[in-house]
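The primary structure of each chain is shown beneath.
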Amino acid sequence: MRIQVAIIGGGPSGLLLGQLLHRQGIETVILERQTRDHVLGRIRAGILEKGTASLMREAGVADRMERECLIHDGIMLSYGNDPFEINFRQLIQSSVIVYGQTELTYDLYHAREANNAKTVFGVEEVRLYNLDRPSPYVTYRHRGQDRHIDCDFIAGCDGFHGISRQSVPRSIRREYEKVYPFGWLGILSETPPVNDELIYASSERGFALCSMRNPNLSRYYIQCALSDTVHEWSDNDFWDELRRRIPASKAEALVTGPSIEKSIAPLRSFVTEPMHWGRLFLCGDAAHIVPPTGAKGLNTAVSDVNYLYLALIAHFQEGDNEGLDRYSEQALLRVWKAERFSWWFTNLMHRFPDQSQFDRKMQRAEITFLRDSTSAQTVMAQNYVGLPY
Ligand code: RFL
Ligand code: PHB
């Protein structure tokens, strides 16, 4: 089999890239390790930047998103019992969109199937070859058979645990990492959200986040120890702990119910450089990870896709390779800014195990500065709604 672009990974990066390229007449195959249902069952991101929404529009897959999304003009922050709003609309005339990664991924699979574009699920032992030559190829096993795909380019969209990043020689790769000493325990429940806007709460007991997917589906998180397991947290324990961490007026108004999903995610900042080697281009979580504070993971994956998509069409349609040559540098410039924002917001809002009273006072001073300073709020708003591409 021969194809123009082989895409490794059928998460949001791979699917969106495939859909954008398909609309420009560029042929792709997506190789996905899991089943479609497995990919769609993963509850992850919930907030889309404007740039993400416009790329969904450009990909022709935004109809349901436009109909069902919620538009959020701001977020609430709270320290102890002291909530205040950062209003994006007033500060920078902008907003974000609430639309789950599961929904976005579903829309992209639906479009791919309607286009008859090829996706192979359940692939094993994917290996990339000849990456530094003009004729790269991919091998994999599927239903017990060995397969081979010749291609012009490979897009490594296979997430943090994928093989694409590992295919860049160790001598070329530089990796930067910070692992945080806590995780987030998240639950999804069919209850009305406690507030119209998201609440990011810093309390003496640790961080909490009140988010949502729609008017009857709430997503809540609490900071937990890395050694905690979901089985140790009953729904009642979760709700009790959440109430203790959010402002009292919100704790009183919280509507609880059974969780329909419960999971723990560790928090990590990670970047690999370069994001391009020979005919291989890394996109999204394959190249970088952010802690979820600030909702930058999915959105940064999408901004990589934007740069790579434009570079690939310039190559295929005009024989212009400048975008491909500049891809890594261009993508990394924006990636590091998202890394900085997510790291800053994580440090500001969480309790760290070895934190001194002085460190806690510093957090308090910074949050109150943010509460009282329009300039500081403007900087926060610009980063939260998404920096320009
Ligand atoms: P994904 O979504 O991980 O998709 C990669 C796909 O590649 C497949 N794969 C392979 N396929 C073939 N061969 C191999 N060898 C393969 N190895 C892996 C995987 O099965 C998968 O389908 O990466 P992508 O597309 O770059 O998208 C990135 C986003 O998913 C990610 O940035 C966000 O979900 C991060 N993230 C969150 N971001 C937010 O903005 N807000 C959140 O609340 C939020 N919650 C989360 C998250 C990430 C999590 N992970 C990765 C542990 C919660 C979790 C649990
Ligand atoms: C979510 O809704 O899952 C979510 C929202 C905002 C974040 C992280 C996660 O910063």
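Fair warning: this is a prediction, and the values are worked out from it, not measured in the lab.

Colleague: If you had to explain helix α12 (residues 374–385) to someone new, which residues and values would you point to?
Modeller: In this model, α12 (twelve residues) spans 16 Å end to end at C-alpha, consistent with the 16 Å of a helix rising 1.5 Å per residue. When α12 is considered as a whole, its buried residues turn out to be Ala 376, Gln 377, Met 380, Ala 381, Asn 383, Tyr 384 and Val 385. You can read the cap of α12 off the contacts: a side-chain oxygen lies 3.3 Å from the backbone nitrogen of Ser 375, and it is on Ser 373. One or two residues past the end of α12 sits Gly 386, with phi positive at roughly 115°.

Colleague: Can you break down the nonpolar core residue by residue, with the values?
Modeller: If you look at the biggest cluster of nonpolar residues, it comprises 66 residues, and the most contacted ones within it are Leu 16, Leu 17, Leu 31, Val 138, Ile 154 and Leu 308. Among the elements that line this core, the one with the most residues is helix α9 (residues 297–318), at nine residues. Setting aside chain neighbours within four positions, we find Leu 308 in contact with Leu 17, Ala 155, Phe 281, Cys 283, Leu 324 and Tyr 327. Counting residues in each nonpolar core, the second largest holds 34 residues, with Ile 75, Trp 344, Leu 348 and Met 349 among its members.

Colleague: Run through the pattern of salt bridges, naming residues and quoting values.
Modeller: Tallying each qualifying case throughout the model produces 25 salt bridges. Notably, a salt bridge pairs Glu 204 with Arg 351, separated by 2.7 Å at the nearest N-O pair. Of this pair, Glu 204 sits in the loop between β13 (199–203) and β14 (206–214) while Arg 351 sits in the loop between α10 (322–349) and α11 (357–372), and the two are 147 residues apart along the sequence. In this structure Arg 351 comes out as buried when scored by relative accessible area, which is 19%.

Colleague: Explain the sheet that holds strand β7 (residues 96–98) to me, and be specific about the residues and the numbers.
Modeller: Spatially, three strands are ordered β3-β7-β4 in an open sheet, and the strand pairing comes out antiparallel. Two strands bound the open sheet, and with one partner strand each, they are β3 (47–48) and β4 (70–72). Taken together, the three bridges between β4 and β7 define a ladder with antiparallel strand orientation. Within β7, the position partnered with His 72 by the bridge is Val 96.

Colleague: Which residues make up the site of ligand 1, and what are the values?
Modeller: Contacts to ligand 1 come from 29 residues, most closely from Ser 13, Glu 32, Arg 42, Gln 101 and Asp 285. Within the backbone of Pro 12, a nitrogen or oxygen atom sits 3.2 Å from an oxygen atom of ligand 1. Within the contact set of ligand 1, an oxygen atom lies 3.4 Å away from a backbone nitrogen or oxygen of Ala 295. Taken by itself ligand 1 offers 1000 Å² of open surface, and the protein chains cover 85% of this. When contributions to the shell around ligand 1 are tallied by element, the ones reaching two or more residues are α1 (12–23), β2 (28–32) and α9. A per-class count over the shell around ligand 1 returns 13 nonpolar, nine polar and seven charged.

Colleague: I'd love a proper account of the site of ligand 2, names of residues and values included.
Modeller: Taken together, 14 residues are adjacent to ligand 2, and Tyr 200, Ser 211, Arg 213, Tyr 221 and Pro 292 come closest. Within the backbone of Gly 294, an N or O atom sits 3.2 Å from an oxygen atom of ligand 2. Relative to its free-state accessible area of 280 Å², ligand 2 is covered by the protein chains to the extent of 97%. Counting residues per element, the ones that place at least two in the shell around ligand 2 are β14 and β15 (217–224). The biggest single contributor to the shell around ligand 2 is β14, with three residues. When grouped by side-chain class, the residues that make up the shell around ligand 2 number eight nonpolar, three polar and three charged.

Conventions used here
- By convention here, each chain's residues receive numbers from 1 onward along its written sequence.
- Labels are handed out in written order, letters beginning with A for the chains and numbers beginning with 1 for the ligands.
- Totals for whole chains, interfaces and linings use all residues, but because this is a predicted model, local features are given only for residues with pLDDT of at least 70 and pairs of side-chain atoms are given and counted only at 80 or more.
- Note: side-chain values were computed over all heavy atoms of the structure, leaving out hydrogens and water.
- Numbered from the N terminus, helices here are DSSP runs of H or I no shorter than four residues, and strands are runs of E no shorter than two.
- To estimate how far a helix should reach, multiply one less than its number of residues by 1.5 Å.
- Exposure categories follow from relative accessible area, calculated using a 1.4 Å probe and restricted to protein chains: below 20% of the type maximum is buried, above 50% is exposed, and the middle band is partly exposed.
- Pairs of N or O atoms within 3.5 Å make up the polar contacts considered here, provided that, within protein, one atom can donate a hydrogen while the other can accept it, and that residues adjacent in sequence are counted only when both atoms are side-chain atoms.
- We call a set of buried Ala, Val, Leu, Ile, Met, Phe, Trp, Tyr and Cys residues a nonpolar core when their side-chain atoms join them within 4.5 Å.
- Only heavy atoms matter for contacts: two residues are in contact if any of them lie within 4.5 Å across the pair.
- Criterion for a salt bridge: a side-chain nitrogen of Lys or Arg within 4 Å of a carboxyl oxygen of Asp or Glu.
- DSSP bridges decide pairing: two strands pair if at least two such bridges lie between them.
- Here, proximity means that at least one heavy atom of the residue falls within 4 Å of the molecule or strand.
- Surface exposure here means Shrake-Rupley accessible area, sampled with a 1.4 Å probe, where a residue is shielded only by the protein chains that are shown.
- Each residue gets one of three labels, nonpolar for Ala, Val, Leu, Ile, Met, Phe, Trp, Tyr, Cys and Pro, charged for Asp, Glu, Lys and Arg, and polar for the others, Gly among them.

Any link to function would need more than the numbers given here.
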